[in-house]
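Chain by chain, the residues:
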Amino acid sequence: MSQPDYQLSRNAFGRLVFVDKDHQVHEGIVPIRAFPMTAPEQGIALLNVHGHELAWIECLDDLPEAFRILIEAELASREFMPEIKRIDKVSSFVTPSTWWVKTDRGDTTFVLKGEEDIRRLSPTALLITDSHGIHFLIHDRLMLDRHSCKLLDRFL
């Protein structure tokens, strides 16, 4: 584990503060995952409020524990992606349609605006975006029960 050439902390308002090697202070830092589904612990950029990259982190485990905890907490507060475990029913096979699903965070209902809001991440993984912009993940559609697969196949 190498020591980064910057400092990372939280200010009194709860925002991330980045101090670079030249002692320049940047407030409101945003960590962004390069590969949030396939490699969530690798490839993380720290961006300033203007979207410019201040630092690149190859792997979270390479950081000192205090920095890693700050970044993980910030990512968790910004990311909300329930994983669909079962599709109970859909209101219609044309869009927009309402979906009733069971997720790893409980039962919910959402509206699928269009079939283009179902995006393939891999041959088996799907990302579904609802009408409010919330992303739902199907990690492996082949592992869903038969009823869920039948409903999902109508939209693929």
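Just so it is clear, the model here is predicted, and its values are computed rather than measured.

Quick notes on the rules
Residues numbered from 1 in each chain as written. Predicted model: local features only at pLDDT ≥ 70, side-chain atom pairs only at ≥ 80, totals over all residues. Heavy atoms only, no water. Patch = residues over 30% accessible without salt bridge, like charges linked within 9 Å, V, L, I, M, F, W, Y side chains within 5 Å. Areas by Shrake-Rupley, 256 points an atom, 1.4 Å probe, with all protein chains shown as cover. Salt bridge = Lys/Arg side-chain N within 4 Å of Asp/Glu carboxyl O. Lys, Arg positive; Asp, Glu negative; His and termini not counted. Charge placed at Lys NZ, Arg CZ, Asp CG, Glu CD. Helix = DSSP H or I, 4+ residues; strand = E, 2+ residues; numbered from the N terminus. Core = buried A, V, L, I, M, F, W, Y, C linked by side-chain atoms within 4.5 Å. Buried < 20%, exposed > 50% of the residue type's maximum accessible area, 1.4 Å probe, protein only. Contact = heavy atoms within 4.5 Å. Expected span 1.5 Å × (residues − 1). Arc of directions from axis to C-beta. Pairing = 2+ DSSP bridges. Axes fitted to C-alpha atoms, helices over the stretch in contact; angles between N-to-C directions.

## Digging into a negative patch on the surface
Working step 1: A cluster of acidic residues, E41, E58, D61 and D62, forms a negative patch at the surface.
Working step 2: Counting through the fold element by element, D61 comes out in the loop between β6 (53–59) and α1 (65–78).

## Some points on the nonpolar core
Working step 1: Counting 16 residues, the largest nonpolar core has I84, I87, W99 and I128 as the members making the most contacts within it.
Working step 2: Put simply, the parts of the chain that give this core at least two residues each are β7 (84–90), β8 (97–103), β9 (106–112), β11 (126–129), β12 (135–138) and α2 (146–153).
Working step 3: Ranked by residue count, the leading element in this core is β7, at three residues.
Working step 4: Setting aside residues up to four positions removed in sequence, I87 forms contacts with W99, W100, V101, H147, S148, L151 and L152.
Working step 5: Counting residues in each nonpolar core, the second largest holds 15 residues, with L8, F18, I57 and F67 among its members.

## Comments concerning α1
Working step 1: Look at α1: 20 Å from first C-alpha to last across 14 residues, which is about the 20 Å you get at 1.5 Å a residue.
Working step 2: Within the sequence span of α1, burial applies to F67, L70, I71, E74 and L75. Seen along its axis, α1 keeps its buried residues to an arc of 125 degrees; they face one direction. Exposed residues pointing more than 90 degrees away from the buried face of α1 are listed as E65, A66, A76 and S77.
Working step 3: Elements that come into contact with the buried residues of α1 comprise β1 (7–10), β2 (16–19), β4 (30–33), β5 (42–47) and β6.

## As for the sheet that holds β8
Working step 1: Across the sheet, three strands lie side by side as β7-β8-β9; this open sheet has antiparallel pairing. In this open sheet, the two edge strands, each paired with only one partner strand, are β7 and β9. In this sheet, adjacent strand axes meet at a mean angle of 30 degrees when their direction is disregarded.
Working step 2: In the sheet, β7 pairs with β8 via five bridges, with the strands oriented antiparallel. Opposite I84, over in β8, you have T103 as the bridge partner.
Working step 3: Most of the contacts of α2 go to β7, to which it runs at about 65 degrees, and overall it touches β7 and β8.

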